[in-house]
Amino acid sequence: MLSFNVAAAAALVPSIARTFALSQFVVGKIIWLYMIPYGVAALFYGPLVRAIDAKKVEVACLLLFSLANLLAALSQNIYTLFCARFLMGFFGASVVPLGLILIGKHIEVNKRGRFVGIFFGATFIASLLGLLLSGIIDWRFIFMIPAICGLVLTIVIILFLPSFRQDISAFRGW
C-alpha cells in the first residue's frame, strides 16, 4: 500500500498538471513533498515504539496515511494535494522501520532473511503495480486505492493483530 503510489507519483505529474491547469514543474513538488517528510519521520518511529506499543503506533499511522491518501484523491486544488502528500510521507514512514522491528522481534533468526525479502518484494510489486496502473486509470484512483485498502487493513489490525507492548521491555535493555 505504501509503495503503490510512490513510483506512480512521477508518472502522474502530467495528468495532475492538466487537472489543475498548472505547469508540470509546480506539480512536480508532490515528489519531494512526500520524500522529505518520509526520510525525516522514518528516523523517529523506531525510538517511538520504545515508549508506545508498536501496534498503536502502526494503527495510528496507517489510519492517518489512509486518510491522507483519501484527501489526495479528493483534492480540489494543488495545495490540498501538497498537504496530502506531505502527510502521506510523514505517516507512511512508519511502515519500514516498524515492519523490520517486528520481523526482528518475532521471526526466528534463520527465517528473518526470507521475511525481509517478502516484505521488500511486496513493496517492489506494489510500486510496479501502481506505476502500471498510473498509465491506465485516473490519477485520483492511484490515491483512492491505498486509502480504501489502508482503512480495511486498519480494521483488520485492530481486530486481529496482538499488542506488541512486550517489545518495549526488550528495547529498554539496549
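The coordinates are above.
Presented here is an overview of the structure given in this document. These figures come from a predicted structure and were not determined experimentally.

Looking at the environment of Ala60
Here's step 1: Summarising the element assignment, Ala60 is placed in helix 4 (residues 54–74).
Here's step 2: You can call Ala60 partly exposed: its relative accessible area is 36%.
Here's step 3: The sequence separation of Ala60 and Thr154 amounts to 94 residues, and the corresponding C-alpha distance is 8.5 Å.

Overview of unusual backbone geometry
Here's step 1: You will see that Ala21, though not glycine, has its phi angle at about 55°, which is positive.
Here's step 2: The topology assignment puts Ala21 in the loop between helix 1 (6–20) and helix 2 (24–27).
Here's step 3: Classification of Ala21 by relative accessible area gives exposed; the value is 69%.

Focus on the packing of aromatic side chains
Here's step 1: Taken as a whole and assessed by the stated rule, the structure comprises 7 aromatic pairs.
Here's step 2: Ring centres 6.3 Å apart and planes at 85° place the aromatic pair Tyr79 and Phe82 in the edge-to-face group. Residue Tyr79 and its partner Phe82 are located together in helix 5 (residues 78–92), separated by 3 residues, close to a single helical turn.
Here's step 3: Where Trp139 meets Phe143, the ring centres are 6.1 Å apart and the plane angle is 80°; that geometry is what we call edge-to-face. In this pair, Trp139 and Phe143 both sit in helix 8 (residues 139–160), 4 residues apart, roughly one turn of the helix. The pair Trp139 / Phe143 is uniform in exposure class, with both members buried.
Here's step 4: Aromatic rings pair up to connect Phe20, Trp139 and Phe143 into one cluster.

The rules behind the values
- Residues numbered from 1 in each chain as written.
- Predicted model: local features only at pLDDT ≥ 70, side-chain atom pairs only at ≥ 80, totals over all residues.
- Heavy atoms only, no water.
- Helix = DSSP H or I, 4+ residues; strand = E, 2+ residues; numbered from the N terminus.
- Buried < 20%, exposed > 50% of the residue type's maximum accessible area, 1.4 Å probe, protein only.
- Phe/Tyr/Trp six-rings, centres within 6.5 Å; stacked < 30°, edge-to-face > 60°.

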